[in-house]
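Residue-level structure breakdown
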Amino acid sequence: MITRGKHRFLPTSFAVAAFVGLIAVTGMKPETGHLVVYCGRGEELIRPVIERFEQQTGIDVAVRYAGTAELAATLLEEGNHSPADVFFAQDAGALGALNRTGALAPLPDDLLAAVSPRYRSPDGTWVGVSGRARVLVYNPQKLSEDDLPEDLSGLTDPAWKGRIGWAPENGSFQSFVTALRIREGDDKALAWLQGVQANEPRVYGKNSAIVAAVAAGEIDAGLVNHYYLYTARRTKPDITAKNYYFPRSDAGSLVNVAGIGILKTSKNTEPALAFARYLLEPETQAFFAKETSEYPLVAGVDIPADLKPLNDIATPDLDLNRLDDLEGTLELIRRAGVF
């Protein structure tokens, strides 16, 4: 379903304040036009972002919210007849899938330069907006950091039998396994999956359930995205759990991104570029850091004091475009007996 951002929702105080601040600081003049955004991010998070953009620019935005994979499939099916101007994806793999078909238009150099090359498409057709790191969340009452493995391979040690949790049906887990395949090859990725499976991990439907299970003492540790702990802390500030970043550079330290691409078929290129630039404004980047504890990808934006700086993570060097092979990853997970 496509909904109108400023017609369906009342402006938030965040949107009004940020709008006034941006005009004062940047001197940006309102533009006019309209824009259709296919958005794989949650409506509750993105709604105030869209509203602020509409107020700042005068551009009317229609948004179609759905899952990122679903929207990518829809865009491929619609082809040249798609009404979409912009694809705002939760996952780099979906942008890579569209990029592989030639559906995305090149972005200007000045826009791309705002983000580190590792968090944008090498050919300049999409750019990351916010980042999320893979971590091992653990119970500090049961474990210290010295007890935790230096890389993913340590989780195949029989000492972890019955003590860890994962969410193999979750999209972020599958992207991580795709990164493992890219880095190590299918044979080693399969061996890792089988090794952890032999340790009888607890299976959960989502990352938040893993964090809750760690805090409850149900398991000692689990593989999640970093921000789920921060989400849990909003309602339980004293939750008994900590994030552990693997110190070695393997897929266990993957930083995936939510990102944006502009469709080649867009008839509204200038409003689409205005939207892309707006997402990389410091104020918008700060919003993501504050509201979801995601990593801002533009330099100079503050992060929560207890969040490990992005540059300090041993992130593997890989082309995030290549996270598009979901089918191959699902087949490998099945072969490992995880599904």
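Since this is a predicted model, take the numbers as computed values, not measurements.

**Points about the overall build of the protein chain**
From N to C terminus, the protein chain includes 13 helices and eleven strands. Its C-alpha atoms give the protein chain a radius of gyration of 20 Å, within 12% of the compact-globule value 20 Å for 339 residues. Overall, the protein chain is about 60 × 40 × 35 Å in size when its C-alpha atoms are taken along their principal axes. The buried share of the protein chain, reckoned over its 339 residues, is 55%. Taking the intrachain contacts of the protein chain between residues at least 6 apart in sequence as the baseline, contacts between residues at least 24 apart amount to 78%. As displayed, the protein chain has an accessible area near 14,500 Å², and 50% of this comes from carbon and sulfur atoms. In the protein chain, 34 positive and 43 negative side-chain charges are present, and the distance between their average locations comes to 2 Å.

**Some thoughts on the environment of Trp160**
Examined against the element boundaries, Trp160 turns out to sit in the loop between strand S5 (126–138) and strand S6 (164–166). Along the primary structure Trp160 and Asn199 are separated by 39 residues, whereas in three dimensions their C-alpha atoms are 6.3 Å apart. If sequence neighbours within four positions are ignored, Trp160 has contacts with Leu143, Asp147, Leu148, Pro149, Gly154, Leu155, Asn199 and Ala221.

**Thoughts on helix H8 (residues 186–198)**
Here H8 is 13 residues long and its end C-alpha atoms lie 18 Å apart, about the 18 Å a rise of 1.5 Å per residue gives. Listing the buried residues of H8 in full gives Ala189, Leu190, Trp192, Leu193, Gly195 and Val196. In the core, the buried residues of H8 are packed alongside S6, helix H7 (171–184), strand S8 (221–225) and helix H13 (326–335). Taken from the residues just after H8, Glu200 is the one with a positive phi, measuring 50°.

**As for the confidence of the model for the protein chain**
Averaged over the protein chain, the pLDDT score is 90; the fraction of residues at 70 or greater is 91%. In this model, residues 4–30 is a region of pLDDT below 50 whose contacts with residues beyond four sequence positions or in other chains number 47 contacts.

**What to know about the packing of aromatic side chains**
One pass over the structure, following the stated rule, counts eleven aromatic pairs. For the ring pair Phe53 and Tyr278, a centre distance of 5.0 Å and an interplane angle of 45° mean the geometry is tilted. Residue Phe53 is located in helix H3 (residues 43–57), and its partner Tyr278 is located in helix H11 (residues 269–279); the two are separated by 225 residues in the primary sequence. Each member of the pair, Phe53 as well as Tyr278, carries the same accessibility label: buried. Cluster of aromatic residues (ring-pair linked, three or more members): Phe53, Phe88, Phe275 and Tyr278. One cation-aromatic arrangement involves Arg163 over Trp160; the distance from NZ or CZ to the ring centre is 4.5 Å. A cation over an aromatic ring shows up here: Arg233 above the ring of Tyr230, its NZ or CZ 5.3 Å from the ring centre.

**Some points on the nonpolar core**
Of all hydrophobic cores here, the largest spans 108 residues; its most connected members are Phe87, Trp192 and Phe275. Looking at this core, the element that brings in the most residues is S5, giving eight residues. Each residue touching Phe87, except ones within four places of it in the same chain, is listed here: Tyr38, Thr68, Leu71, Ala72, Leu75, Ala94, Leu95, Leu98, Gly259, Ile260, Gly261 and Leu263.

**Some points on the pairing of strand S2 (residues 33–39)**
In terms of burial, S2 is largely enclosed, as five of its seven residues are buried. Relative to strand S3 (residues 59–65), S2 runs parallel, the two being bridged by seven bridges. By the bridge assignment, Cys39 is partnered in S3 with Tyr65. Following the backbone out of S2, through H3 and into the adjacent parallel S3, one traces a crossover that is right-handed. Looking at chain direction, S2 and strand S4 (residues 86–89) are connected through three bridges and run parallel. Residue pairing across strands places Cys39 opposite Phe88, the latter belonging to S4.

Procedures and definitions
Residues numbered from 1 in each chain as written. Predicted model: local features only at pLDDT ≥ 70, side-chain atom pairs only at ≥ 80, totals over all residues. Heavy atoms only, no water. Helix = DSSP H or I, 4+ residues; strand = E, 2+ residues; numbered from the N terminus. Rg over C-alpha atoms; globule rule 2.2 N^0.38 Å. Buried < 20%, exposed > 50% of the residue type's maximum accessible area, 1.4 Å probe, protein only. Contact = heavy atoms within 4.5 Å. Areas by Shrake-Rupley, 256 points an atom, 1.4 Å probe, with all protein chains shown as cover. Lys, Arg positive; Asp, Glu negative; His and termini not counted. Charge placed at Lys NZ, Arg CZ, Asp CG, Glu CD. Expected span 1.5 Å × (residues − 1). pLDDT = per-residue confidence, 0-100. Phe/Tyr/Trp six-rings, centres within 6.5 Å; stacked < 30°, edge-to-face > 60°. Lys NZ or Arg CZ within 6 Å of the ring centre and 35° of its normal. Core = buried A, V, L, I, M, F, W, Y, C linked by side-chain atoms within 4.5 Å. Pairing = 2+ DSSP bridges. Right-handed = clockwise from strand over helix to strand, strands pointing away.

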